[in-house]
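What follows is the residue order along each chain.
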Amino acid sequence: GDPLETADQVFIRVAKNIAEADANYNGDVEKAYNKFLRLLSSLDFIPNSPTLVNAGRELQQLSACFVIPVEDSMEGIFESVKQAALIHKTGGGTGFSFSRLRPGGSGVNKTSGIASGPVSFMQVFDKATEVIKQGGTRRGANMGILRVDHPDIEEFINIKNDLTKMNNFNISVAITDEFINALGTGKDYDIIDPVTKEKVGTKNSKHIWNSIIESAHRTGDPGVIFIDRINRGRANPVPSRGPIEATNPCGEQPLYPWDSCNLGSINLSNFVLDGKVDFPRLAEVSEDAVHFLDNVIDMNKWPNEHIKEVSLAIRRIGLGVMGWADMLIKLGIPYNSEEAVAVGS
């Protein structure tokens, strides 16, 4: 509980480490260091927690967001548990699609046993997360996703209605185009076995939609992810790598299996000058923040080779904002006004 560094020492350590990546491109490392140090010490921009905690230290795992595939086998499931635990240990969060897992009650050929289903195995992931603190700084965070056409979808929708379960997960239903089309007319839609890919029944779209709404009002979960929309839109800029199945824990970034992303936020409250938004300086800081986040990719020590390969191939970054309400206060604009909407646009 005793601080080992001052805030200034943290910023110096992080800026120095992340600036080193410029050497890979014959850049000016000292110039990058000074730029990044100003960026951080001014609080104009702050990167995600793993970068602040791990940059320049032994762990050197700098990303916040990962998606781990969950294959339909005992070996595959527990390999995913292991990889998630290692990521949580370094301060990262994990997202999973459980849609490949066979439904509860279906047969298991090798053992002549009965499958327990994705919701049951999600509780294994949840328990593992419960006992691991992320890099000693925070508890693990997960996103669990199940397709709306999975046979166990109703059990999944209602899992968090018991407030003693799944406290280390956000959950979201992967909504398909077929479901939305059925919902528009109140018709049934097909339920698909994830192993055989064959239709095994139907469910009423309005009943499922109302179940999602009621549970979300009660507990805040599940959310929804429009999975087909993501895969045909700009949210998937590299479709040649296949379909996206899941997102990071808070849903900011759709990611491939073994994909990762590092995040950072610009502090908008620092960009008010003479009662107006200082857009020229905001543009400059945005460019510097992108430079910083891209350098993080080069300086990262990846949890495994799968993640390294995908991350270096795609080089995802996530640049967001914070301090929106504080900026509006400084501008004298009510938060719930049309003028605020216009500024945000």
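Calculation criteria
Residues numbered from 1 in each chain as written. Predicted model: local features only at pLDDT ≥ 70, side-chain atom pairs only at ≥ 80, totals over all residues. Heavy atoms only, no water. Helix = DSSP H or I, 4+ residues; strand = E, 2+ residues; numbered from the N terminus. Rg over C-alpha atoms; globule rule 2.2 N^0.38 Å. Buried < 20%, exposed > 50% of the residue type's maximum accessible area, 1.4 Å probe, protein only. Contact = heavy atoms within 4.5 Å. Areas by Shrake-Rupley, 256 points an atom, 1.4 Å probe, with all protein chains shown as cover. Lys, Arg positive; Asp, Glu negative; His and termini not counted. Charge placed at Lys NZ, Arg CZ, Asp CG, Glu CD. Pairing = 2+ DSSP bridges. Salt bridge = Lys/Arg side-chain N within 4 Å of Asp/Glu carboxyl O. Core = buried A, V, L, I, M, F, W, Y, C linked by side-chain atoms within 4.5 Å. Polar contact = N/O pair within 3.5 Å; in protein donor to acceptor, adjacent residues only side chain to side chain. Phe/Tyr/Trp six-rings, centres within 6.5 Å; stacked < 30°, edge-to-face > 60°. Axes fitted to C-alpha atoms, helices over the stretch in contact; angles between N-to-C directions. Parallel < 35°, antiparallel > 145°, perpendicular 65-115°, else oblique. Nonpolar A, V, L, I, M, F, W, Y, C, P; charged D, E, K, R; others polar. Expected span 1.5 Å × (residues − 1). Arc of directions from axis to C-beta.

### Some details on the overall build of the protein
Next, step 1: For the protein, the helix and strand inventory stands at 13 helices and 18 strands.
Next, step 2: Relative to the compact-globule value of 20 Å for 345 residues, the protein shows a C-alpha radius of gyration of 22 Å, a close match.
Next, step 3: Projecting the C-alpha coordinates of the protein onto the three principal axes gives extents of approximately 65 × 50 × 45 Å.
Next, step 4: Within the span of the protein, comprising 345 residues, buried residues form 47% of the whole.
Next, step 5: Counting contacts in the protein only where the partners sit at least 6 residues apart, residues at least 24 apart contribute 68% of the total.
Next, step 6: Entry remark: accessible area of the protein is about 17100 Å², with carbon and sulfur atoms responsible for 53%.
Next, step 7: Put simply, the protein has 35 plus and 44 minus side-chain charges, and the middle of one group is 2 Å from the middle of the other.

### Some points on the pairing of strand β10 (residues 188-192)
Next, step 1: Here β10 runs beside strand β11 (residues 199-204); their pairing, made up of five bridges, is antiparallel. Bridge pairing in β11 places Tyr 189 opposite Lys 203.

### Some details on the pattern of salt bridges
Next, step 1: Within the structure shown, the criterion is met by 15 salt bridges.
Next, step 2: For Arg 13, the salt bridge goes to Glu 5, with nearest N and O atoms at 2.8 Å.
Next, step 3: The closest approach of N and O atoms between Asp 221 and Lys 160, which form a salt bridge, is 2.8 Å. Placement of Asp 221 in the loop between α8 (205-219) and β12 (223-226) and of Lys 160 in the loop between α6 (153-158) and β9 (169-175) is noted, with a sequence separation of 61 residues between them.
Next, step 4: Taking the relative accessible area as the measure of exposure, Asp 221 reaches 8% and is therefore buried.
Next, step 5: Given the relative accessible area of 11%, Lys 160 is considered buried.
Next, step 6: Via salt bridges that share partners, Glu 71, Arg 100 and Glu 245 belong to a single interconnected network.

### Notes on the nonpolar core
Next, step 1: Core analysis: the largest hydrophobic core is formed by 53 residues, its most contacted members being Phe 98 and Ile 153.
Next, step 2: Element by element, the count of residues in this core is highest for β9, at five residues.
Next, step 3: In this structure Phe 98 touches Val 70, Pro 118, Met 122, Phe 125, Gly 144, Ile 145, Leu 146, His 150 and Phe 169, once residues within four positions along its chain are discounted.
Next, step 4: Listed in part, the 32 residues of the second largest apolar core include Ile 18, Ile 266, Leu 293 and Ala 340.

### Considerations on the environment of Asn 48
Next, step 1: Mapped onto the elements, Asn 48 comes out in the loop between β1 (45-47) and α3 (49-54).
Next, step 2: Look past the residues within four positions of Asn 48 in its chain and what remains in contact with it is Leu 62, Ser 63, Ala 64, Cys 261, Asn 262, Leu 263 and Gly 264.
Next, step 3: Among the polar contacts listed, one links the side chain of Asn 48 to the backbone oxygen of Leu 62, at a separation of 3.1 Å.
Next, step 4: Side-chain polar atoms of Asn 48 contact the backbone nitrogen of Leu 263, separated by 2.6 Å.

### Some details on the packing of aromatic side chains
Next, step 1: Counted by the stated rule, this structure contains nine aromatic pairs.
Next, step 2: Between Phe 96 and Phe 169 the ring centres are 6.2 Å apart and the planes differ by 40°, which places this aromatic pair in the tilted class. With a gap of 73 residues between them, Phe 96 in strand β3 (residues 93-97) and Phe 169 in strand β9 connect regions that are remote in the sequence. Take Phe 96 and Phe 169: they sit in the same class, and that class is buried.
Next, step 3: An aromatic cluster is defined as three or more aromatic residues linked by ring pairs; in this entry it consists of Phe 96, Phe 98, Phe 125 and Phe 169.

### So, the side chain of Asn 295
Next, step 1: Along the chain, Asn 295 turns up in helix α10 (residues 279-299).
Next, step 2: The residues contacting Asn 295, other than those within four sequence positions of it, are Ile 18, Ala 19, Ala 21, Asp 22 and Phe 36.

### A short note on unusual backbone geometry
Next, step 1: The residue after Asp 221, namely Pro 222, is reached through a cis peptide bond having omega 5°.
Next, step 2: Relative to the assigned elements, Pro 222 resides in the loop between α8 and β12.
Next, step 3: With a phi angle near 55°, Gln 60 is a residue other than glycine that sits in the positive phi range.
Next, step 4: By the element assignment, Gln 60 lies in the loop between α3 and β2 (65-67).
Next, step 5: For Arg 315, which is not a glycine, the phi torsion comes out positive at approximately 55°.

### What to know about the packing of helix α7 (residues 177-185) against α8
Next, step 1: Two elements in contact, α7 and α8, have axes whose closest approach is 8 Å; the angle formed by their N-to-C orientations is 105°. On the basis of their axis angle, the class for α7 and α8 is roughly perpendicular. Residue-level inspection shows Phe 179, Ala 182 and Leu 183 of α7 in contact with α8, the latter providing Ser 205, Lys 206, Ile 208 and Trp 209.
Next, step 2: Across the contact of α7 with α8, the residue classes tally to five nonpolar, one polar and one charged.

### Some details on the side chain of Arg 316
Next, step 1: On the secondary structure map, Arg 316 appears in the loop between α11 (305-314) and β18 (317-322).
Next, step 2: A distance of 2.5 Å separates polar atoms of two side chains, one belonging to Arg 316 and the other to Asp 259.
Next, step 3: Leaving out residues up to four positions away in the same chain, Arg 316 has contacts with Pro 237, Val 238, Ile 244, Gln 253, Pro 254, Leu 255, Tyr 256, Asp 259, Ser 260, Cys 261, Asn 262 and Ile 297.

### A few points about helix α2 (residues 29-41)
Next, step 1: Here α2 contains 13 residues, and its C-alpha end-to-end distance of 18 Å stays within 8% of the 18 Å for a straight helix at 1.5 Å per residue.
Next, step 2: Among all positions in α2, only Ala 32, Tyr 33, Phe 36, Leu 39 and Leu 40 are buried. Down the axis, α2 shows its buried residues gathered within 130° of arc, on one side only. Opposite the buried face of α2, by more than 90 degrees, sit the exposed residues Glu 30, Lys 31 and Arg 38.
Next, step 3: For α2, the side-chain oxygen to backbone nitrogen distance between the N-cap and Glu 30 is 3.2 Å, and the N-cap itself is Asp 28.

Honestly, it's all geometry; don't read function into it.
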